[in-house]
Amino acid sequence: MTTIRARSRTREVFIHLSAYLTIFVALVLTLFPIYWIAANSFKFDIDIFAVPPEWLPWHPTLKHYDEAFIQRPFLRYALNSFLVAMGTTIVSLVFGTMAGYALARFSYPWEWRKQISFWILSTRMMPPIVSIIPLYLFFNYFDMLNTKSALIVAYTAFNLPFATWMMKSYFQDLPVELEEAAMVDGDTRWGAFLHVALPLARPGLAATAIFCLIISWNEFLLSLIITLTEQSQTLPIGIAGRVTQYKTYWGEISAAGFMACVPIVIFAFMVQKHLVRGLSLGAIKG
Amino acid sequence: MLKSESGPLTAPLRPGGGLERWAERHLRVLMLAPTVLILLGLTIFPSIYMFYAAVHKISPNPDVPWDFVGPGNFVRLLSDQQFHVALLNTVVFTVSAVTAEFLLGLGLALLLDKYIRRMTFLKTVLMIPMMLPPIAVAITWKIIYEPQFGVLNEIMYRLGLPLQAWAGDVDLAMFSIIVADVWQWTPFIFLLMLAGLASLPVEPYEAAELDGASSWRQFWDLTVPFLKPVIAIALLLRVMDALRLFDLVFILTGGGPADRTKVLSLYIYQVAYRFADVGYAAAISLFVLFVTIVLSTWFMKRMRLAE
């Protein structure tokens, strides 16, 4: 009896240990690459190329940040990224919220609600390379290539379905009685949406907005094809431009790449609670 | 469920201007219309236009009219070696990366479920890779893989293993891309599986425990069936994503060496923008779209995810 109990206790300790060890290893594997790009961004070139590598930036420098953001136009790219992401987010949020509310609250004849919901989600699965050629020709025709508005239009294609579905599920979680009470008190249907449902859905709106910002901030392919000028290119394209066939500007791209990650990490902690719902939809990314 | 069914007619219409009343009465259409119209414009229209482009030979010179070639561009797919290579690479990447991510993510979730459930902060830290810009992930791994001064070769050296060119090596390039993708996306599977495990009912397990079912039996007879919908969603999303891989390849290998990592989206990009053969690129894109639709429909039916 005692030996069995002792053995099972040993087993338990073993399981605990291996679980914590796994967590530790997963953390190291997750964080090391991020640490490495950050560390390299603070090193002089000679230390970046050092063999064996400098595990810590012993001689830290902001040289590459100066190169990237003062001497080169990465600040401009970052600003473009930010403006495009903001524009896309506003458009997607406004229309997505209305559509999400409609799909959550209204009834439509002939099962249309289900059909439309599903169709909206399915547009999200379309590979961007598929729509890029017609969009390119379209933007070319209307003289919109190399503009931020073209990017906002293109990004809306994959952020709008996402916003619609996120907001639909948030509205479905809200009790409908509050809106009904407002309407009994004389508010219109639209007024009930505006004054009752919308304020209650504020956390959902915030999470959706942040996910839209992240998706647009990260986007690469569409921007690569639609924009060629410094005035319109986004940060990912700016970074990719410094990886050339002949030379890679390691320090500069490390600094810019690391700075591109910083807002995302901040956002990640802001939406911790909404991570699963948001990312399972958000992962159908552009 | 029921609450979402409730219609707009629970309150009487308030008197107001004619337009206002009209808008109020048609609110359910008006609120949905912008989204539907925008998405029609941005997805259905491009798809149709794409089909139109795919049956033409399009000259890079905009003044030259499009030349109708019928199914010519599609026939070309059959004998295009480069296309076959890209297709094969895409399949290899998708199958290997998604399998690895799935096994790792599910394994980690099963092992760590009880330990990590309350550690929200830690969970969020583990989720960081999947939210980072793919371009940042790509350059991070480019630095790690660098053959001369990269940290991976340093580790190989310390372990007494042969140094490799990684992303530059014919045999290892695809593997290098897969590793970077696994690094970024395993957390996604892990997160979804954790959510699935958190929603498992307790009672069946208590009953199984009483019946003396082994934990292996409990896993196969209870956990797997319960998790099936979550697993299906996770796999579907990852497969769709893997089929459109672009950023990692573009930065890490540019499709090389010797076309070993040239995937479909990169090939389409090259055909359209380097060889300026937009009609043919449209044909390949349609092929990708077709495969995506067939796969996702089949998958959803199979997993009974129709709703």
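These remarks concern the structure in this document. All values derive from a computational prediction rather than experimental measurement.

1. Describing the overall build of chain B
Then, in step 1: In terms of regular secondary structure, chain B is built from 15 helices and two strands.
Then, in step 2: Computed over the C-alpha atoms, the radius of gyration of chain B is 25 Å, more than 25% above the 19 Å expected from 2.2 N^0.38 for a compact globule of 307 residues.
Then, in step 3: Referenced to the eigenvectors of the C-alpha coordinate spread, the extents of chain B come out at roughly 70 × 70 × 35 Å.
Then, in step 4: Counting all 307 residues of chain B, 52% fall into the buried class.
Then, in step 5: Here chain B displays about 15000 Å² of accessible surface, and carbon together with sulfur accounts for 67% of that area.
Then, in step 6: Each charge class in chain B can be summarised by its mean position, and for the 23 positive and 23 negative side chains these summaries are 5 Å apart.

2. Digging into a nonpolar patch on the surface
All names here are of chain A.
Then, in step 1: Together, Leu 79, Phe 82, Leu 83, Met 86, Ile 90 and Val 94 make up an exposed nonpolar region whose accessible area comes to about 510 Å².
Then, in step 2: With respect to the helices and strands, Ile 90 occurs in helix α4 (residues 74-105).
Then, in step 3: Residue class for Ile 90 comes out exposed when judged on its relative accessible area of 51%.

3. So, the interface of chain B and chain A
Then, in step 1: Contacts between chain B and chain A engage 92 residues on the former and 109 residues on the latter.
Then, in step 2: Counting the surface lost from both chain B and chain A, the interface buries some 9200 Å², and carbon and sulfur atoms represent 79% of this.
Then, in step 3: When the buried surface of chain B facing chain A is broken down by residue, Met 31, Met 131 and Phe 149 of chain B rank first, second and third, together holding 9% of it.
Then, in step 4: On inspection of chain B and its partner chain A, the count reaches zero salt bridges.
Then, in step 5: Where chain B meets chain A, there are ten residue pairs in polar contact (both at pLDDT 80 or more).

4. Describing the side chain of Asp 80 of chain B
Residues and elements named next belong to chain B.
Then, in step 1: Following the sequence through the fold, Asp 80 ends up in the loop between α5 (72-79) and α6 (81-116).
Then, in step 2: The side chain of Asp 80 is buried and forms no salt bridge, while Arg 76, the nearest opposite charge, is found at 5.5 Å.
Then, in step 3: A distance of 2.5 Å separates a polar atom in the side chain of Asp 80 from a polar atom in the side chain of Tyr 280.
Then, in step 4: When sequence neighbours within four positions are dropped, the list of residues in contact with Asp 80 reads Tyr 267 and Tyr 280.

5. Some points on the nonpolar core
Then, in step 1: Core analysis: the biggest nonpolar cluster contains 164 residues, and Ile 133, Ile 226 and Ile 239 of chain A together with Met 131, Phe 190 and Ile 284 of chain B have the highest contact counts within it.
Then, in step 2: The leading source of residues in this core is helix α10 (residues 173-198) of chain B, at 15 residues.
Then, in step 3: Setting aside residues no more than four positions away along its own chain, Ile 239 of chain A makes contact with Phe 74, Ile 253, Ala 256, Gly 257 and Ala 260 of chain A together with Ile 135 and Ile 139 of chain B.
Then, in step 4: If you look at the next biggest cluster of nonpolar residues, it comprises 25 residues, including Ala 102, Leu 160 and Ala 197 of chain A together with Leu 39 of chain B.

6. Details of unusual backbone geometry
When glycine is set aside, most residues are seen to have a negative phi, and most peptide bonds are trans.
Then, in step 1: Geometrically, the link from Val 51 of chain A to Pro 52 of chain A is a cis peptide bond, its omega value of -5° lying close to zero.
Then, in step 2: Positionally, Pro 52 of chain A belongs in the loop between α2 (45-48) and α3 (63-71).
Then, in step 3: Its identity is not glycine, yet Trp 166 of chain B carries a phi of approximately 45°, on the positive side.
Then, in step 4: Residue placement: Trp 166 of chain B occurs in the loop between α9 (151-158) and α10.
Then, in step 5: Among the residues examined, Trp 166 of chain B registers a relative accessible area of 7% and is labelled buried.
Then, in step 6: Unusually for a residue other than glycine, Ala 258 of chain B sits at a positive phi of about 50°.
Then, in step 7: Of note, Ala 258 of chain B is situated in the loop between α13 (247-252) and α14 (264-273).

7. Observations concerning the side chain of Thr 292 of chain B
Then, in step 1: Tracing the backbone shows Thr 292 of chain B in helix α15 (residues 278-302).
Then, in step 2: A relative accessible area of 4% means that Thr 292 of chain B is categorised as buried.
Then, in step 3: Discounting chain neighbours no more than four positions away, the residues touching Thr 292 of chain B are Met 125 and Pro 127 of chain A together with Met 240 and Leu 243 of chain B.

8. Quick notes on the packing of α4 of chain A against helix α10 (residues 202-218) of chain A
Residue and element names in this part refer to chain A.
Then, in step 1: The interhelical angle for the contact between α4 and α10, taken along N-to-C directions, is 140°, at an axis separation of 8 Å. The angle between α4 and α10 falls in the class oblique. The handedness of the crossing between α4 and α10 comes out as right-handed. Of α10, the residues touching α4 (which contributes Ala 78, Ser 81, Phe 82, Ala 85, Met 86, Thr 88, Thr 89, Ser 92, Leu 93 and Thr 97) are Leu 205, Thr 208, Ala 209, Cys 212, Leu 213, Ser 216 and Trp 217.
Then, in step 2: The residue makeup of the contact of α4 with α10, split by class, is ten nonpolar, seven polar and no charged.

Procedures and definitions
- Residues numbered from 1 in each chain as written.
- Chains lettered and ligands numbered in written order.
- Predicted model: local features only at pLDDT ≥ 70, side-chain atom pairs only at ≥ 80, totals over all residues.
- Heavy atoms only, no water.
- Helix = DSSP H or I, 4+ residues; strand = E, 2+ residues; numbered from the N terminus.
- Rg over C-alpha atoms; globule rule 2.2 N^0.38 Å.
- Buried < 20%, exposed > 50% of the residue type's maximum accessible area, 1.4 Å probe, protein only.
- Areas by Shrake-Rupley, 256 points an atom, 1.4 Å probe, with all protein chains shown as cover.
- Lys, Arg positive; Asp, Glu negative; His and termini not counted.
- Charge placed at Lys NZ, Arg CZ, Asp CG, Glu CD.
- Patch = residues over 30% accessible without salt bridge, like charges linked within 9 Å, V, L, I, M, F, W, Y side chains within 5 Å.
- Salt bridge = Lys/Arg side-chain N within 4 Å of Asp/Glu carboxyl O.
- Contact = heavy atoms within 4.5 Å.
- Buried area = accessible area lost by both parts, 1.4 Å probe.
- Polar contact = N/O pair within 3.5 Å; in protein donor to acceptor, adjacent residues only side chain to side chain.
- Core = buried A, V, L, I, M, F, W, Y, C linked by side-chain atoms within 4.5 Å.
- Axes fitted to C-alpha atoms, helices over the stretch in contact; angles between N-to-C directions.
- Parallel < 35°, antiparallel > 145°, perpendicular 65-115°, else oblique.
- Left-handed = near helix turned anticlockwise from the far one by under 90°.
- Nonpolar A, V, L, I, M, F, W, Y, C, P; charged D, E, K, R; others polar.

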